[in-house]
Amino acid sequence: MSTISIQHLTKIYGRSAAVDDVCIEIPKGSVFGLLGPNGAGKTTTFKCILGLARPSSGTTLIDGAPLVPAVFERLAYVPERSVLYEWMTAGEHMEAQRRSFKRYDPARATELFALFNLDARKRVRAMSKGMQTALAIVLAFASRPEILVLDEPTSGLDPVNQRAVLKLIIDAAAQGATVVLSSHQIGQVERAAEHIAILQDGKVVLNGAVDDLKYQRKIVEGIFESDAFSVNGFERDARISRVEKTGRILRLTVSDGSDGLAAGLVSQGAQSVRIVDLNLEDIFLNAVAPSQSTADVVEAS
Ligand code: ATP
């Protein structure tokens, strides 16, 4: 059973849909990455999961049931914008957390404070942006939550602390927690997440296991004898999302069937062919802005 199930979720603000008929299943004990350009609907989706925004239609379920207050005991949310109190110290935030959450673990909190070099006596207003993010992360993880909803959890962190947060996320999932995060750092999502969904204009444009998405999607590159080559049949092939021609090189971005398409290029005169893996950033750009993901692109129909 999925820990978080989002079924036909729509959220309308004014006249436009911030989230538009989104269906996502987030499996228990795994890391799920929600990706998308600015304004795609990631934060709104999180708010609907957490009951902070009321869906216009559709449902969100946690462990198969609508959200109830008891779930907040085992859930941690790190919002995109800081909800820390400027006048309170880091230590006072920890104390408030201890009083509010039965599962709060002081030993774990001390360990995490040291991990991020936080000073318990420092007031939030005197902390850098990165320190504030680190404090929010510490507050979230110190209660050993079973469900973590993290909206851009590495924002403002230096590379060492970003790595530390990724490790916390991966370790939490390995111990059975369900983690859903959004991030514009696609390389980080690629390292941490087993599944992703890409939102654009409120709609899911791609959804799946990272390994499957990468396994199917490839660039098939053929080198011809001269730049006067011509090939047939690729324009109408639904598996090809992009056809790019640069001098003697023809590059096809394909969603499936790379071996067959490589053989097709050879039979049409390519001297050499190679199949190149795409990383998650390539897949993301191809999904949300196909015409901008590389230069000199001829769009496939
Ligand atoms: P970002 O990556 O920039 O954080 P996002 O994917 O999290 O973006 P959302 O914050 O969910 O995007 O916003 C989705 C759309 O909904 C945007 O067009 C935004 O302007 C709109 N929106 C969000 N909250 C509200 C609100 N309270 N009232 C009106 N419109 C809103």
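All values reported here derive from a predicted model rather than from experimental measurement.

Remarks on the overall build of the chain
For step 1, the next point in the chain: Helix and strand content of the chain: nine helices and 14 strands.
For step 2, the next point in the chain: Overall size of the chain, expressed as C-alpha extent along the three principal axes, is 70 × 40 × 35 Å.
For step 3, the next point in the chain: When burial is assessed residue by residue, the chain has 48% of its 301 residues classed as buried.
For step 4, the next point in the chain: Accessible area for the chain stands at about 14800 Å²; split by element, carbon and sulfur atoms hold 50% of it.
For step 5, the next point in the chain: If the 33 positive side-chain charges of the chain are averaged to one point and the 35 negative ones to another, these points end up 7 Å apart.

Here's the deal with the state of the cysteines
For step 1, the next point in the chain: One pass over the full model with this rule turns up zero disulfides.
For step 2, the next point in the chain: This cysteine, Cys23, is not joined by any disulfide, and Cys48 carries the nearest cysteine sulfur, 13 Å off.
For step 3, the next point in the chain: For Cys48, a relative accessible area of 3% puts it in the buried group.

Description of the sheet that holds strand S5 (residues 75-78)
Remark on secondary structure: sheet strands pair via backbone hydrogen bonds, oriented parallel or antiparallel.
For step 1, the next point in the chain: Spatially, the six strands line up as an open sheet ordered S5-S6-S7-S3-S8-S9, and their pairing is mixed. The two strands at the open ends of the sheet, each matched to only one other strand, are S5 and strand S9 (203-209). Neighbour-to-neighbour, the strand axes of the sheet open up by a mean angle of 10°, direction not taken into account.
For step 2, the next point in the chain: Of the strands in this sheet, strand S3 (31-35), strand S8 (195-200) and S9 are in contact with helix H9 (residues 280-288), which crosses S8 at around 30°.

Some words on the packing of aromatic side chains
For step 1, the next point in the chain: Tallied over the entire structure, the rule returns two aromatic pairs.
For step 2, the next point in the chain: Taking the centre distance of 5.1 Å and the plane angle of 45° together, the rings of Tyr85 and Trp87 count as tilted.
For step 3, the next point in the chain: Here Tyr85 falls in the partly exposed class, since its relative accessible area comes to 44%.
For step 4, the next point in the chain: Pairing Phe224 with Phe229 gives two aromatic rings, centres 4.0 Å apart and planes at 10°, and the pair type is stacked. Judged on exposure class, the residue Phe224 and its partner Phe229 are both buried.
For step 5, the next point in the chain: We note Lys245 situated over the ring of Phe229; from NZ or CZ to the ring centre the distance is 4.6 Å.

Points about the site of the ligand
For step 1, the next point in the chain: Close contacts around the ligand come from 13 residues, with Gly39, Lys42, Thr43, Thr44 and Glu80 the closest.
For step 2, the next point in the chain: One of the side-chain nitrogen or oxygen atoms of Thr44 is found 2.5 Å away from an oxygen atom of the ligand.
For step 3, the next point in the chain: The fraction of the free accessible surface of the ligand (640 Å²) that becomes covered by protein chains is 60%.
For step 4, the next point in the chain: Looking at side-chain class alone, the shell around the ligand contains four nonpolar, six polar and three charged residues.

Topic: the environment of Phe72
For step 1, the next point in the chain: With respect to the element layout, Phe72 can be found in the loop between strand S4 (57-62) and S5.
For step 2, the next point in the chain: In this structure the C-alpha to C-alpha distance between Phe72 and Ala177, which are 105 residues apart in sequence, comes to 14 Å.
For step 3, the next point in the chain: Leave out the neighbours within four places in its chain, and Phe72 touches Leu50, Leu67 and Phe101.

Reading guide: rules and limits
- Residues numbered from 1 in each chain as written.
- Predicted model: local features only at pLDDT ≥ 70, side-chain atom pairs only at ≥ 80, totals over all residues.
- Heavy atoms only, no water.
- Helix = DSSP H or I, 4+ residues; strand = E, 2+ residues; numbered from the N terminus.
- Buried < 20%, exposed > 50% of the residue type's maximum accessible area, 1.4 Å probe, protein only.
- Areas by Shrake-Rupley, 256 points an atom, 1.4 Å probe, with all protein chains shown as cover.
- Lys, Arg positive; Asp, Glu negative; His and termini not counted.
- Charge placed at Lys NZ, Arg CZ, Asp CG, Glu CD.
- Disulfide = S-S within 2.5 Å.
- Pairing = 2+ DSSP bridges.
- Axes fitted to C-alpha atoms, helices over the stretch in contact; angles between N-to-C directions.
- Contact = heavy atoms within 4.5 Å.
- Phe/Tyr/Trp six-rings, centres within 6.5 Å; stacked < 30°, edge-to-face > 60°.
- Lys NZ or Arg CZ within 6 Å of the ring centre and 35° of its normal.
- Near = heavy atom within 4 Å.
- Polar contact = N/O pair within 3.5 Å; in protein donor to acceptor, adjacent residues only side chain to side chain.
- Nonpolar A, V, L, I, M, F, W, Y, C, P; charged D, E, K, R; others polar.

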